[in-house]
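Residue-level listing of the chains:
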Amino acid sequence: MFKNYIKTALRNISRQKGYVFINILGLAIGIASSMLIAVYIFSELSYDQHHHKKDRIYRVYLDGKINNQEMLGAWTPSPMAFTVKDKFPEVEEAVRINAWDETIIRYEDRTFVEDAFIAADSTFFKVFTAPLIKGNPRTALTKPHTVVITESTARKIFGNQPAMGKSIKVGSHETYHEVTGIMKDMPRTSHFDCNMVGSFVTSDRSSQGNWLSNNLATYLLLARNTSANQVEDKFPDLLRENAGPILEEFLGLSFDEFLEKGNRYAYHLQPLTDIHLNPEIEGGMKPAHDKKYIYIFSVVALMLIVIAAINYMNLSTARASNRAKEVGLRKVAGSTKRMLVGQFLTESVIMAFMALILAVIIVQVLLPYFNNLINTSLTLNYIDQWYYIPVLLALALLIGLLAGSYPAFYLAAFRPTSVLSGDVKSGARNKRIRSTLVVSQFVISAALILGTIVISRQTTYMLNKDLGFDKDNLLVIRRISVLEDQIGTFKAEVNKIPGVVNSTHSTMVPGHPNNNNAYQLESQPRDETYVFDTNWADEDFLDVYGIEMVSGRFFTEDLSKDLHICIVNQKSLKDYPIEDPYSERILRPGGNEEEGMQLESFQIAGVLKDFHIRSLHRPIGPYLILPASEDQQWGYLSVKVSPEGMSQTVERIEQTWKKFTDNDPMLYFFMDNEYASLYQEEQRSSSLAVAFAVLTIFIASLGLFGLTSYTAEQRTREIGIRKAMGSSVSGIVQMIGKETLRLILLALVISWPLAYYFLVNWLTNYPYRVSLQPWDFIATLLIIVVVAFITISYQTIRAARKNPAHSLRYE
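How each quantity is defined
Residues numbered from 1 in each chain as written. Predicted model: local features only at pLDDT ≥ 70, side-chain atom pairs only at ≥ 80, totals over all residues. Heavy atoms only, no water. Helix = DSSP H or I, 4+ residues; strand = E, 2+ residues; numbered from the N terminus. Buried < 20%, exposed > 50% of the residue type's maximum accessible area, 1.4 Å probe, protein only. Contact = heavy atoms within 4.5 Å. Areas by Shrake-Rupley, 256 points an atom, 1.4 Å probe, with all protein chains shown as cover. Arc of directions from axis to C-beta. Phe/Tyr/Trp six-rings, centres within 6.5 Å; stacked < 30°, edge-to-face > 60°. Lys NZ or Arg CZ within 6 Å of the ring centre and 35° of its normal. Pairing = 2+ DSSP bridges. Patch = residues over 30% accessible without salt bridge, like charges linked within 9 Å, V, L, I, M, F, W, Y side chains within 5 Å. Salt bridge = Lys/Arg side-chain N within 4 Å of Asp/Glu carboxyl O. Lys, Arg positive; Asp, Glu negative; His and termini not counted. Charge placed at Lys NZ, Arg CZ, Asp CG, Glu CD. Core = buried A, V, L, I, M, F, W, Y, C linked by side-chain atoms within 4.5 Å. Axes fitted to C-alpha atoms, helices over the stretch in contact; angles between N-to-C directions. Parallel < 35°, antiparallel > 145°, perpendicular 65-115°, else oblique. Left-handed = near helix turned anticlockwise from the far one by under 90°. Nonpolar A, V, L, I, M, F, W, Y, C, P; charged D, E, K, R; others polar. Polar contact = N/O pair within 3.5 Å; in protein donor to acceptor, adjacent residues only side chain to side chain.

Caption draft 1: Molecular detail of the overall build of the protein. A tally of helices and strands in the protein yields 25 helices and 25 strands. For the protein, the residues scored as buried account for 51% of the 811 residues in total. Partitioning the intrachain contacts of the protein with sequence separation of at least 6 by distance along the chain shows that 80% fall at a separation of at least 24. For the protein, the accessible surface area stands at approximately 37200 Å², while carbon and sulfur atoms represent 54% of it.

The structure is reproduced here in C-alpha cells:
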C-alpha cells in the first residue's frame, strides 16, 4: 500500500507544477534558513566541548563591591592556584594562565608577530586537552624559558625543519626560549586562542605573593564527585587567612569588618562550558558572546519553519475545491478516510523531502556568504558530524507531517454526495481558516521586521554615539615597553613627522582599561576605600583624545612639577563623597616589604567631562589620571594624524619605530576600528536579523502570491462581469487587495504588543540604549503593506486586464 501511496503522490505532484514549486520553494527557504541558524547555534554551544575533563574544569572569578563599585571578572592573585591545590582535597589540579598581547618572536634573522601567546604552569596539559605530538606534557613547561608551540606555528617558524630543541626569542626577553613540545592546533571553538604556551615560571608573577593583586586567570580541575559549592564554601576562610592581613595593614580593618561595612569580596567558580556564553564576567581571553542571542535565533529558526509550514497549509486548503472530485471518486471507489489521509500526508512528506534537497543545495551555496555576513567560519560536514543527516531527515519528515496534517484531514473529510453534485464550496469556515493562517504568517513577519529595525537602530546607536572623545584619525601603537627609557625621545621624533598632529603616552586607552585600583580619600576615614579605573598619562593626553575639562587644569609640559596632582572625572564626584575636589587628596597605597605600607598623596587639580573608557555595554565609572613618570615604561603611544596622506604618515612612523627597535615590526590599531570591534556581536546579530527578516517576508509573500493567484482564478467570472459593467483595473485590484490589507492590519494589532514586550526587555540589557519610537511601528506597517501590495498586484492586474469575453466563458 505504501508503494501505491508514493506512486500516486508523485503523479499528483507532477500535475500541479506551479503550486508544487511555490510550496517546495517556501519550505526549502524555511529549512535552509533554519539550517544556517542551527549551524551557528551548534557552533556557539560547542565551545570547549573538546576538553575531556570539561565537566570538572572551572575558572575562578572575583565578585566584589567596594563603596558601591561593582567588580565581576576572571581576575585572581598569583598565589591562589597552588594554595588552593595544596589545602583543598577537592581540587585535583590547578593552572595559572596569563594571556599576552601581540608578541614578537625571533628565529635566526626572521621576525614573527604572534597574537595567541599565553604563559601557563606546567599543569596546563593536565587540566586542558591539548595533545602533544612531540615532547613530554609533564615536563615541557617545568623550566624557565621553555615554550610549547602548535603544529601550524612550527611550520610557520621552522618550515620543514624539526622544531624540537630549537631556540627562539620571545618578546623583550634576551634569553632564548627552548621549544620543548609540539601540540595539536587548538580548536577554533576554544574560549582562548593558543598558538604558543610559554612556561609561567619564567615570569616574576609566578612567585608574587600579594593576595590583593588580581592580574591573571586561575583554572581548577576538581576531583571526581566534587561539586563547585564544596570548593566555594572554603574560599572565605582562605581569603580571611591570606588577604586579611594585607587588608588590615592598608585599611586598619579586619576582613570581616570590611565585609560588614557593606563591601563584598568573594571568589566563585565558573564552569568551563559557561565561559563563552557569559559576557557578564569580564577578563576573558576572547570576547564572550551573549546567550540571549542563542535564544533569539532559536525562536527565529522555529518561526521560519512555522511560516513555511503555514504556507503549505494555506495553499493546500485554498486548492481544496480543485481536488474535491478526486476525493469523491476515491471514496466512491472504496477509499477510507484513513487511506485518503495517508495519501495526502505522503504527498506532503515527499514535497518536504524535495524541499530538504533544495535546502541543502541552498545552504552549500550560501554558507560562504553567510560566514562573510556574520564574520565567522562555520562549516557543515555531513560525514564527520554523522548526526546531521538523521536530524535533517527527521526534520523533513516532521515538517511534512505537521504541514500536511490539517490539509490531509480537511480534504479527506469531504462527502462524496456533495463533491460529486458540484457542491464543493468550502464556505466561511475554510475562508476563516485560511485567513487565520495568513494572519499568523504576518504576525511572525511583523514581529521579526520590528525586531530587526530596533536591533539595527541599537547597533547604529552604539557605533555612532558620542563617546566623549575623538576616536577618528587616531593611531595607537601597542607594546611600547620595548622602547624602555626612550619613549619620550621616540614621541618627540614622531611629532616631527609631517601629518602627525600630536601624540601622547598613556598606560591605558579607551577600550583597553587595564588598571582598576583601590585608593583612599584624605577627608574620609582610613577604613574606607574607593575604586578608580587608573591611567598614567602625559600632558598631551587630553589634546590628542579631544577630552574636555569641566574645571581646573591638566598636567603641564614639566611633569616633574605635577608628580603629586591627579585628575578625576565627573562620575567620581557623583559616586564618591568628594564635596570640594580642589581641597581633596587621593591617597594611593605603596611601599615595599622593608618600609611597610606607605600612602602616596595626590591633590585633585582638575575634573574631566565623563567619557567612555569601556564599550557601551558598561556604564561610565570613576576614573583617575595620574602623571606618567619615567617608571611607566609600558602602555601605548596614541598618535593623532591628519586624514590627508595618512598611509604615508603611518609608513614614516613605522620607519621611525624600526630605528628605535632594531627593525621590530610596529604593532598598532586605529581607534575607530578598535571601538567598532567591541560591538561585533551586535553587528553580527543585526546582519542576521536583517537577512532572516527578509527571508521571512519572502516566504510569507510566496504564500500570498499563491493565494492571490488562486483567488483571481476562482473569481475570474466575477472579475469579467465587473469589467463588463465598467469597473477599472484599479478598482478590481482594490477589491481583491482590501481583504488582504484587513488581514495585515489585524496581524499588526496582534504582533506589535508582543514584539514591544520582548524588545523593551531586550533593550534593558544595555545601559545606553534607544527607545521604541512610533516610526518603528510605522516603518513595519509600510514595509509589510508595500511588500504585500507588490505581491498581489501582479496576479490581480493580470486577471483584471483580461478580456471580459474570455472571463465570462470561464468554467
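Picking up after the structure, the text goes on.
Caption draft 2: The arrangement of helix α5 (residues 151-158) in detail. Looking only at α5, the buried set comprises T153, A154, I157 and F158. Along the axis of α5, the buried residues cluster in a sector spanning 100 degrees; they form a single face. Packed against the buried residues of α5 are β5 (103-107), β6 (110-114), β9 (146-150), β10 (167-170), β11 (177-183) and β12 (196-199). At the C-terminal side of α5, G159 shows a positive phi close to 65 degrees.

Caption draft 3: Here's a closer look at the packing of aromatic side chains. In this structure the tally under the stated criterion is 27 aromatic pairs. Taken together, a centroid distance of 5.2 Å and an interplanar angle of 70 degrees make the contact between F532 and Y576 edge-to-face. In this pair, F532 is assigned in strand β18 (residues 530-537) and Y576 in the loop between α18 (570-575) and β21 (585-592), connecting sequence segments 44 residues apart. Y576 carries the same exposure label as F532, and that label is buried. The rings of F469, F541, Y545, F611, Y623 and Y675 are connected pair by pair, giving a single aromatic cluster. Its guanidinium or amino end placed over the ring of Y768, K465 lies 5.3 Å from that ring's centre, counting from NZ or CZ.

Caption draft 4: Here's a closer look at the pairing of strand β15 (residues 474-477). Covered by surrounding structure in β15 are L474 and V476 together with L475 and I477, the residues of both alternating faces. Across four bridges, β15 lies against strand β24 (residues 636-641) in antiparallel orientation. Within β24, the position partnered with L475 by the bridge is V639. Direction of pairing for β15 relative to strand β25 (residues 668-670): antiparallel, over a ladder of three bridges. Residue L475 lies in a different strand from β25, and its bridge partner there is F670.

Caption draft 5: Examining a negative patch on the surface more closely. A cluster of acidic residues, E484, D485, E630 and D631, forms a negative patch on the protein surface. Residue placement: D631 occurs in the loop between β23 (623-627) and β24. By relative accessible area, which is 67% here, D631 ends up exposed.

Caption draft 6: Expanded view of unusual backbone geometry. Unlike most non-glycine residues, N473 shows phi in positive territory, near 55 degrees. Within the secondary structure, N473 sits in the loop between α15 (427-464) and β15. A residue is classified by how much of its surface remains accessible, and N473, at 25% relative accessible area, is partly exposed.

Caption draft 7: Looking closely at the nonpolar core. Ranked by size, the top nonpolar core spans 113 residues in total, and within it F370, F442, F541, Y545, I625 and M671 carry the most contacts. Every residue in contact with Y545, bar those within four places of it in the chain, is listed here: F469, D470, L474, V476, T504, V509, P510, S638 and M671. Among the nonpolar cores identified, the runner-up in size contains 46 residues, and F88, L222, Y265 and Y530 belong to it.

Caption draft 8: Representation of the packing of helix α16 (residues 487-495) against helix α19 (residues 646-661). At a minimum axis distance of 10 Å, the contact between α16 and α19 shows a crossing angle of 150 degrees. With respect to their mutual orientation, α16 and α19 come out roughly antiparallel. In this structure, α16 crosses over α19, and the sense of that crossing is right-handed. The segment α16 lies against α19, with T489, F490, E493 and V494 engaging I653, T656, W657 and F660. The residue inventory of the contact of α16 with α19, partitioned by class, reads five nonpolar, two polar and one charged.

Caption draft 9: Quick peek at the side chain of S78. Within the element layout of this structure, S78 appears in the loop between β3 (76-77) and α3 (80-87). Engagement of the side chain of S78 in a polar contact is seen with the side chain of R96, the distance being 2.9 Å. A polar contact is formed between the side chain of S78 and the backbone oxygen of R205, at a distance of 2.5 Å. Ignoring anything within four residues of it in the chain, the contact list for S78 reads R96, F200, R205, S206, Q208, S213 and L216.

Caption draft 10: Local environment of the pattern of salt bridges. Within the structure shown, the criterion is met by 31 salt bridges. One salt bridge in this structure joins R106 and D664, with 2.5 Å as the shortest N-O distance. One end of the pair, R106, is in strand β5; the other, D664, is in the loop between α19 and β25, with 558 residues separating them in the sequence. Taking the relative accessible area as the measure of exposure, R106 reaches 23% and is therefore partly exposed.

Caption draft 11: Expanded view of the pairing of β5. For β5, the buried fraction is high: four of the five residues fall into the buried class. If you look at the hairpin formed by β5 and β6, you'll find two residues sitting between the two strands, and E108 has a positive phi there, around 55 degrees. Looking at chain direction, β5 and β10 are connected through two bridges and run antiparallel. By the bridge assignment for β10, I105 is matched with V170.

Caption draft 12: Geometry of the side chain of T150. Here T150 lies in strand β9. The exposure class of T150 is buried, given its relative accessible area of 0%. At 2.7 Å, the side chain of T150 forms a polar contact with the side chain of T153. Among residues more than four places away in sequence, those in contact with T150 are I182, M183, K184, D185, C194 and N195.

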